[in-house]
Amino acid sequence: MAVIEANALSKRYGESTVLDSIDLQVEEGEIFGFLGPNGAGKSTFIDILLDFRRPTSGQLSVLGHDSQRESKIVRQRSGILPDGYELYSRLPGRQHIEFAATVAGVDSRPDRVLARVGLEGDGDQPVGSYSKGMCQRLALGMVLASDPDLLILDEPASGLDPNGIQQLQEIVREEADRGTTVFFSSHLLEQVEAVCDRVGILNDGELLAVDAIDALQEAIGGSSELLLTVDDQPIESSLRSLEELDGITDVDADGTTIRLSCSDPAVKSKAITQTSSAGLTVTDVDVQRRSLEELFSEYTEAGDR
Amino acid sequence: MNRKNVLSIAKHDFEQLIRSKIVWLGIVVLTVYLVYEWHTSSQHLIGSAWSIMIDPFVIMSPLYAIGLGYTAIAGERASGRIRLSLGAGLTRPELVAGKLLSRFVTLVSVLWLPVVIAAVIVTVGWQPTEATAVGFLGAMVVVTVTSTAWLGIALGASCSASTQLRSIAIGGFLVFLFLYAWQSILELLMFVQTGSTDLGIDITTGLVDIFDPAWFPYAVRVNPVNAFEATQWYVPNLLEALAAGETIDAAHGPNLFGLAMLLVWGTVPIAIGYYRFIHAELE
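The name given to chain B in an unreviewed UniProt entry is Copper ABC transporter permease, with the source organism recorded as Natrialba asiatica.

Under an unreviewed UniProt entry, the name given to chain A is Sulfate-transporting ATPase, and the source organism is Natrialba asiatica. Per UniProt, chain A has the following entry under Sequence similarities (unreviewed entry): "Belongs to the ABC transporter superfamily."

S.K.: How would you explain the overall build of chain B if you had to name every residue and give the values?
M.R.: Of the regular secondary structure elements, chain B holds twelve helices and zero strands. Starting at the N terminus, the α and β elements of chain B follow one another as α-α-α-α-α-α-α-α-α-α-α-α. Counting the 283 residues in chain B, one finds 52% classified as buried. Summed over its atoms, the accessible surface of chain B is roughly 12,400 Å², and 69% of this surface lies on carbon and sulfur atoms.

S.K.: I'd like a description of the sheet that holds strand E7 (residues 150-154) of chain A, backed by residues and values.
M.R.: Residues and elements named next belong to chain A. Here we have six strands laid out as an open sheet, ordered E6-E7-E8-E3-E9-E10, and mixed in their pairing. Where the open sheet ends on each side, the last strands, each with one partner, are strand E6 (78-81) and strand E10 (206-211). On average, each strand axis in the sheet is tilted by 15° relative to the strand beside it, whichever way the strands run. Examined bridge by bridge, E7 and strand E8 (residues 181-186) share five bridges and lie parallel to one another. The residue of E8 that forms the bridge with Leu153 is Phe184.

S.K.: Report on the domain arrangement of chain A, specifying residues and quantitative values.
M.R.: Each assigned domain of chain A is listed here: domain 1 (2-217) and domain 2 (224-289). Computed from C-alpha atoms alone, the centre-to-centre distance between domain 1 of chain A and domain 2 of chain A is 43 Å.

S.K.: Tell me about a negative patch on the surface, and please be specific about residues and values.
M.R.: Residue and element names in this part refer to chain A. Together, Glu236, Glu243, Glu244, Asp250, Asp252 and Asp254 make up a negatively charged patch on the protein surface. Counting only elements with at least two residues in the negative patch, the list comes to helix H9 (236-243) and strand E12 (248-254). Ranked by the residues each element gives to the negative patch, the list is headed by E12, at three residues. Inspection of the secondary structure assignment puts Glu243 in helix H9.

S.K.: Describe the UniProt feature "transmembrane region" (unreviewed entry) in chain B, with residues and values.
M.R.: All names here are of chain B. Summarizing the sequence annotation, UniProt attributes the feature "transmembrane region" (unreviewed entry) to residues 21-38, 50-73, 104-126, 132-153, 165-182 and 256-277 in the numbering used throughout. Structurally, residues 165-182 comprises 100% helix and 0% strand, and the distance from its first C-alpha atom to its last is 23 Å. The span residues 256-277 carries 100% helix and 0% strand; its end-to-end C-alpha distance comes to 31 Å.

S.K.: I'd like to hear about the pattern of salt bridges, residue by residue, with values.
M.R.: The full count for this structure, using the stated rule, is 21 salt bridges over all chains. A salt bridge links Glu15(B) to Lys11(B); its shortest N-O distance comes to 3.4 Å. One end of the pair, Glu15(B), and the other, Lys11(B), are both in helix H1 (residues 3-18), four residues apart, so they sit about a helical turn from each other. On the accessibility criterion, Glu15(B) (17% relative accessible area) is buried. Take Lys11(B): its relative accessible area is 47%, and that puts it in the partly exposed class. When salt bridges with common partners are traced through the structure, they connect Arg116(A), Asp147(A), Glu174(A), Glu175(A) and Arg178(A) into a single cluster.

S.K.: So what about the interface of chain A and chain B? Which residues, and what values?
M.R.: Counting residues at the interface gives 32 residues for chain A, matched by 34 residues for chain B. Applying the counting rule to chain A against chain B returns two salt bridges. One salt bridge in this structure joins Lys11(A) and Glu281(B), with 2.7 Å as the shortest N-O distance. Where chain A touches chain B, the interface holds 17 residue pairs in polar contact (both at pLDDT 80 or more). Mapped by element, the contributors of at least two residues to the side of chain A that touches chain B are strand E1 (2-13), helix H2 (71-77), E6, helix H3 (93-104) and helix H5 (132-145) of chain A. If one sorts the elements of the side of chain A that touches chain B by residue count, H3(A) sits on top with six residues.

S.K.: So what's going on with the side chain of Asp13(B)? Which residues, and what values?
M.R.: Topologically, Asp13(B) is positioned in helix H1. If near-sequence neighbours (up to four positions away) are discounted, Asp13(B) is found in contact with Tyr88(A), Lys99(B), Ser102(B) and Arg103(B).

S.K.: Give me the nonpolar core: which residues, what numbers.
M.R.: Counting 87 residues, the largest nonpolar core has Ile4(A), Leu24(A), Phe45(A), Leu49(A) and Phe183(A) as its most contacted members. In terms of residue count, H5(A) provides more of this core than any other element does, eight residues in total. When residues no more than four places from it in sequence are discounted, the contact partners of Phe183(A) are Ile4(A), Leu24(A), Val26(A), Phe32(A), Phe34(A), Phe45(A), Ile46(A), Leu49(A), Leu150(A), Leu151(A), Ile152(A) and Leu153(A). Formed by 51 residues, the second largest nonpolar core is a distinct cluster that contains Val35(B), Trp38(B), Val110(B) and Ala118(B).

S.K.: Tell me about helix H11 (residues 224-243) of chain B, and name the residues and values.
M.R.: All names here are of chain B. With 20 residues, H11 ought to run about 28 Å at 1.5 Å a step, and its terminal C-alpha atoms sit 27 Å apart, in line with that. Along H11, the largest kink reaches about 35° and is centred on Thr231. Every buried residue of H11 is accounted for by Pro224, Val225, Asn226, Ala227, Phe228, Ala230, Thr231, Gln232, Tyr234, Val235, Pro236 and Ala241. Regarding H11, its N-cap is Asn223, as a side-chain oxygen of that residue lies 2.8 Å from the backbone nitrogen of Val225 further along. Directly after H11, the chain includes Gly245, whose backbone phi takes a positive value near 75°.

S.K.: Just give me the short version of unusual backbone geometry, but keep the residues and values in it.
M.R.: Residues and elements named next belong to chain A. For Leu63, which is not glycine, the phi torsion reads 55° and is therefore positive. Among the structural elements, Leu63 can be located in the loop between strand E4 (57-62) and strand E5 (65-66). On the basis of relative accessible area, Leu63 is assigned to the buried category, the value being 6%. Of note in the backbone geometry, Asp204 takes a positive phi value of approximately 50° without being a glycine. Note that Asp204 resides in the loop between strand E9 (198-203) and E10.

S.K.: Go over the packing of H3(A) against H5(A), please, and point to the residues and values.
M.R.: Residue and element names in this part refer to chain A. Packing of H3 against H5 brings their axes to within 8 Å, and their N-to-C directions diverge by 30°. With respect to H5, the axis of H3 lies roughly parallel. Considering only the axes of H3 and H5, their crossing is right-handed. Touching Gly93, His96, Ile97, Phe99, Ala100 and Ala101 of H3 are Leu138, Gly141, Met142 and Ala145, all from H5. Among the residues making up the contact of H3 with H5, the classes are represented as seven nonpolar, three polar and no charged.

S.K.: Provide a residue-level description of helix H2 (residues 21-40) of chain B, including the pertinent values.
M.R.: All names here are of chain B. With 20 residues, H2 should cover 28 Å at 1.5 Å per step; its first-to-last C-alpha distance of 28 Å lies within 8% of that length. Taken residue by residue, H2 has Val23, Gly26, Ile27, Leu30, Thr31, Leu34, Val35 and Trp38 as its buried positions. Along the long axis of H2, the arc covered by the buried residues comes to 160°, so they all point the same way. Opposite its buried face, H2 presents the exposed residues Lys21, Ile22, Leu25, Val32 and Tyr36, each directed more than 90 degrees away. Sitting at the amino-terminal end of H2 is Ser20, which places a side-chain oxygen 3.2 Å from the backbone nitrogen of Ile22.

Procedures and definitions
Residues numbered from 1 in each chain as written. Chains lettered and ligands numbered in written order. Predicted model: local features only at pLDDT ≥ 70, side-chain atom pairs only at ≥ 80, totals over all residues. Heavy atoms only, no water. UniProt positions renumbered as here; feature names shortened; annotations may be inferred. Helix = DSSP H or I, 4+ residues; strand = E, 2+ residues; numbered from the N terminus. Buried < 20%, exposed > 50% of the residue type's maximum accessible area, 1.4 Å probe, protein only. Areas by Shrake-Rupley, 256 points an atom, 1.4 Å probe, with all protein chains shown as cover. Pairing = 2+ DSSP bridges. Axes fitted to C-alpha atoms, helices over the stretch in contact; angles between N-to-C directions. Domains from an automatic or database assignment. Patch = residues over 30% accessible without salt bridge, like charges linked within 9 Å, V, L, I, M, F, W, Y side chains within 5 Å. Salt bridge = Lys/Arg side-chain N within 4 Å of Asp/Glu carboxyl O. Lys, Arg positive; Asp, Glu negative; His and termini not counted. Charge placed at Lys NZ, Arg CZ, Asp CG, Glu CD. Contact = heavy atoms within 4.5 Å. Polar contact = N/O pair within 3.5 Å; in protein donor to acceptor, adjacent residues only side chain to side chain. Core = buried A, V, L, I, M, F, W, Y, C linked by side-chain atoms within 4.5 Å. Expected span 1.5 Å × (residues − 1). Bend = angle between axes of the 7 residues up to and from the residue. Parallel < 35°, antiparallel > 145°, perpendicular 65-115°, else oblique. Left-handed = near helix turned anticlockwise from the far one by under 90°. Nonpolar A, V, L, I, M, F, W, Y, C, P; charged D, E, K, R; others polar. Arc of directions from axis to C-beta.

Laid out in structure tokens, this is it:
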């Protein structure tokens, strides 16, 4: 079942188009990464999910409910960690968790939630004394306390230290394991790559691509790099012979390391054989996939052209 | 609307407010002001003492109500906290109702606590007053109704505005209009109609019911400041007379209209702001 289903969803302010005919399906239990530069329209899409803003045209169903007509049910079954907020600075963290649980109509277990987000022992302190990272943990705790079926995270790593980021990723995976659908919006590509099953790339209001990261790499071509370490510095003719192989798009050498961009996975073994034929001994082989960052740049630049 | 949710956000907001140093500073300032006013005017406190005793509220109650009201919803939007609250399952009507409840309870506490403290201090220290309990309580009811009217204006502005700056600008404009400009505007209209601005009586005391032009005492009381000044005399007089089984000779029409205007100010701006907020997009 699709937890989020957008059909031709658009949002315009006068002449300005913020979202342009978005078609998107996010399935139950998946961790979906939503990528895009600032101003791409990610937060606007999230706002429309929860009826904080209304679309200009198109349909949007969330958890099987119309996002506008049945927004109350949608918000009761969802939880959002927004990007940029302040908490009630004079109230203790525990009270925030209790408030979120009460409003959501679920049992309040503040100690358990506080421990889960790494705030064990800090629940009785006023939130004004918290660091930015602690506030982010507390807000995440508020979202978890409401026990949502759909977890919407907008730049969730903001303010978190490396331990906090790791803990966040663990929580996201745990939630997905118990059937919660996670909508993970971030510009930090490595985090999206670390936890997400599929990603959508949004730029200037247009959804440029939606797929698993591997599939996106394949679709864009030149999806991997072959790094060969050889026993001697390669001569120009050796590199030229590698360039002539079908499936090799670029060759670069740095000392005894040859870097080959491969559009065809099958060309890798040919390249190793060709290198040996050129009188070089291959001492190490490493294959690097293109990073999500490169993919992201490729897609957004292609969208701009 | 879920009553549990309304009480939950109201409790959350109230507990945040009562921990505010500014709220406690307001209580201290009003207490000191009341003790000073009551002490210095104690030799005059006979019969209608309540009218002198609540004079400080003419200025203080709009300031306190606007200060408490303007951030109620606009502050939630500005801080981004509204996304957490609504995202947790709270509805916009529940948020407005909860905020109204918490701000009203805080306002009543901020106004009545100094009155109680000052009354104890003045009574124990100087035993000055011959004011009747009925009259004084009646006057304080008027103070509360007037403050609620100002809170309604501020909360309505807070619901209507997308930023705190706009909210305080709307509230500030109305305070300026009603404290300093309203009377002049009406007098100008009166001058155009009659060639004079002199009524020869205190228009707000409400003890006379014949005016020329007849619309003037009503138009004056559209202003919540004037409505307060009129009803602070009228309501306690009326209550005292009723308690004694007597009647009073007063301008019932304009004064009841003034009382009704206070109720209108306490509700209509909230209704308008509520409608705008329900249909507003969060930015």
